[in-house]
Amino acid sequence: TSSYRGRACNAAGCTAYSTVSNVEVRYPPRSAPTLSVPATNNSGTFAVSWTAVSSADRYELQQRKDAGSWSRVYNASGLSTAVANLTDGTHDFRARACNEHGCSGYSAIKNTQVTHPPSTAPTLTAPSTSNSGAFTVTWTGVSSASRYELQQRMDGGSWSRIHNAASTSRAVADLTNGTYNYRVRACNAGGCATFSTIRTTVVTRPPTGAPTLTAPESNNTGSFTLSWTSVPGATTYYVWQRKDGSGLDPWKNIYSGANRSTSLSALGNGRYEHYVRACNAGG
């Protein structure tokens, strides 16, 4: 507040002073606040804050999305406000300090990149069985996902991540016999959705070697025993027989089971040939 008074003067002197007049000078705040916002956010809800400015009695905060139009979202005396329910995109903010005489210039623009995680899980597909240990796991795409995480475990063990990329399939190979579980989730810069329903593939490779068959070279009773060696992974053995190597008596299956021997009887005179093979659910 500045006070003023005046008087008239000449060579002989001056009059008394006039009545005092007061002038109250009030400026708008002369500087802008310093604004703080998070650089990224995955929920659409966060706090925006700013520094206090001398002579300010309120602050105006404006917001815009993806370089659109500004809108005022706060006009009060506090130094922060919460924003919520923001959708994916780049949200810009600017603030200015105000009083009854006006407002300062706006602060530097600060922006927050809002990216919500995907909201749904993919639908996963895997074969129920495999006899090679090599197959492809696939899943559906999810809106807003930029990558997918596929996890695998064997026989109820620990999960391990075997895929983390944008594609919606993964080829697996060289798997040994066992039960394999798979689950996948959709992710982006904001995080990941929940995992999909677990799918299971049972890998059963056929036995890798043939049994060694033992049979007598000759017999005079028509009764004898065939035996063979064990093969890792085999659950069933099949024995085949033919007589005299003739097309009139083709190969026929005479035994199937888990044992490693079988007894033959009541065979007539002739030359009998046999072979055995090891099998399991994979072949």
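Keep in mind that what you see is a predicted model, and the values were worked out from it rather than measured.

A. Representation of the environment of Glu149 within the structure. You can see Glu149 is positioned in strand β17 (residues 147-154). In sequence terms Glu149 and Asn164 are 15 residues apart; their C-alpha atoms lie 4.6 Å from each other. Excluding its chain neighbours within four sequence positions, the residues that come into contact with Glu149 are Arg161, His163, Asn164, Arg183, Val184, Arg185, Cys187, Cys192 and Phe195. At a separation of 2.8 Å, a polar atom in the side chain of Glu149 contacts the side chain of Arg147.

B. The arrangement of the state of the cysteines in detail. As enumerated under the stated definition, the model contains three disulfides in all. With a sulfur-sulfur separation of 1.8 Å, Cys9 is cross-linked through a disulfide to Cys14. Taking the torsion about the S-S bond as the criterion, the Cys9 to Cys14 disulfide, at about 110°, is right-handed. Each sulfur of the disulfide joining Cys187 and Cys192 lies 2.0 Å from the other. Between Cys187 and Cys192 the disulfide shows an S-S torsion of about 105°. By sign, it is right-handed. The class for Cys187 is buried, based on a relative accessible area of 0%. Its relative accessible area of 26% is what places Cys192 among the partly exposed residues. Counting only the cysteines that take part in disulfides, in the order they occur along the protein chain, gives the pairing 1-2, 3-4, 5-6.

C. Looking closely at the sheet that holds strand β19 (residues 169-172). If you trace the three strands from one edge of the open sheet to the other, you get β14-β16-β19, paired in antiparallel fashion. The open sheet has two edge strands with one neighbour each: β14 (124-125) and β19. Pairing between β14 and strand β16 (residues 135-139): two bridges, direction antiparallel. Pairing of Leu124 across the sheet is with Trp139, part of β16.

D. Summary view of unusual backbone geometry. Notably, Ser144 is not glycine yet its phi reads approximately 75°, a positive angle. Topologically, Ser144 is positioned in the loop between β16 and β17. Ser144 sits in the partly exposed class, given a relative accessible area of 40%.

E. Representation of a nonpolar patch on the surface in the model. A surface patch of nonpolar side chains, amounting to about 410 Å² of accessible area, comprises Tyr4, Val23, Val25 and Tyr27. Note that Val23 resides in strand β4 (residues 21-23). Exposure remark for Val23: the relative accessible area of 40% places this residue in the partly exposed category.

F. How the structure looks around the layout of surface pockets. By volume, the largest pocket amounts to about 310 Å³. The element that contributes the greatest number of residues to the lining of the largest pocket is strand β28 (residues 272-279), accounting for three residues. When the residues that make up the lining of the largest pocket are grouped by side-chain class, the tally is five nonpolar, nine polar and three charged.

G. Structural view of the sheet that holds β28. Spatially, the three strands line up as an open sheet ordered β26-β25-β28, and their pairing is antiparallel. For this open sheet the edge positions go to β26 (252-257) and β28, each flanked by a neighbour on one side alone. Neighbour to neighbour, the strand axes of the sheet diverge by 20° on average, direction disregarded. When strand β25 (residues 236-243) meets β26, the two strands line up antiparallel, connected through five bridges.

H. Examining the nonpolar core more closely. Of all hydrophobic cores here, the largest spans 15 residues; its most connected members are Leu124, Phe135, Val137, Trp139, Leu150, Leu175 and Tyr182. Broken down by secondary-structure element, the contributors of at least two residues to this core are β16, β17 and β20 (178-188). No other element matches the four residues that β20 contributes to this core.

I. Representation of the pattern of salt bridges within the structure. Tallied over the entire structure, the rule returns eleven salt bridges. When the shortest N-O distance is used, the salt bridge between Glu149 and Arg147 registers 2.8 Å. Accessibility expressed as a relative area gives 5% for Glu149, which makes it buried. Accessibility expressed as a relative area gives 25% for Arg147, which makes it partly exposed.

J. Looking closely at the packing of aromatic side chains. Enumeration over the complete set of coordinates arrives at nine aromatic pairs. Ring geometry for Phe135 versus Tyr182: centroids 6.1 Å apart, planes at 90°, classification edge-to-face. Taken together, the residues Phe135 in strand β16 and Tyr182 in strand β20 connect sequence positions 47 residues apart. Of the two residues, Phe135 and Tyr182, neither departs from the other in class, the shared state being buried. Residues Trp228 and Tyr237 carry aromatic rings whose centres are separated by 6.1 Å and whose planes lie at 50° to one another, so their mutual orientation is tilted. Trp228 sits in the buried class, given a relative accessible area of 3%.

Rules of the game
Within each chain, residues carry numbers counting from 1 in the order of the written sequence. With pLDDT at 70 or above as the cut-off, local features in this predicted model cover only qualifying residues; side-chain atom pairs require 80 or more to be listed or tallied, and sums for whole chains, interfaces and linings still use all residues. As a rule here, side-chain values cover all heavy atoms of the structure and leave hydrogens and water aside. Secondary structure elements follow DSSP: runs of H or I of four or more residues count as helices, runs of E of two or more count as strands, with numbering from the N terminus. Note on contacts: a residue pair qualifies if any of its non-hydrogen atoms lie within 4.5 Å across the two residues. Whenever a nitrogen or oxygen atom comes within 3.5 Å of another N or O atom, the pair is scored as a polar contact, on the condition that within protein one atom can donate a hydrogen and the other can accept it, and that pairs from neighbouring residues in sequence are kept only if both atoms are in side chains. Cysteine sulfur atoms are paired as a disulfide whenever they come within 2.5 Å of each other. Throughout, exposure labels follow a simple rule: accessible area from a 1.4 Å probe, protein chains only, divided by the maximum for the residue type, with under 20% read as buried, over 50% as exposed, and the rest as partly exposed. A pair of strands is treated as paired once DSSP finds two or more bridges between them. Only residues whose relative accessible area exceeds 30% and that take part in no salt bridge are eligible for patches, with like-charged residues grouped when within 9 Å of each other and nonpolar side chains (Val, Leu, Ile, Met, Phe, Trp, Tyr) grouped when within 5 Å. Note on areas: Shrake-Rupley, 1.4 Å probe, and residue coverage restricted to the protein chains presented here. Whenever Lys or Arg places a side-chain nitrogen within 4 Å of a carboxyl oxygen from Asp or Glu, that contact is recorded as a salt bridge. Only protein atoms enter the 1 Å grid used here. Points where a 1.4 Å probe fits but cannot escape make up a cavity, open sets with protein on both sides within 12 Å along at least five of seven lines make up a pocket, and a residue lines them when an atom lies within 4 Å of a point. Grid points are joined across faces, edges and corners, and a volume is the space filled by probe spheres set on the points. In this classification, Asp, Glu, Lys and Arg are treated as charged, Ala, Val, Leu, Ile, Met, Phe, Trp, Tyr, Cys and Pro as nonpolar, and every other residue, Gly included, as polar. The axes used here are C-alpha line fits, helices contributing only the stretch in contact, and every angle between their N-to-C directions lies in the interval 0 to 180 degrees. Nonpolar cores were defined as sets of buried Ala, Val, Leu, Ile, Met, Phe, Trp, Tyr and Cys residues, with membership established by side-chain atoms within 4.5 Å. When the centres of two rings from Phe, Tyr and Trp lie within 6.5 Å, Trp using its six-membered ring, the rings pair. Their planes under 30 degrees apart give stacked, over 60 give edge-to-face, and anything left gives tilted.

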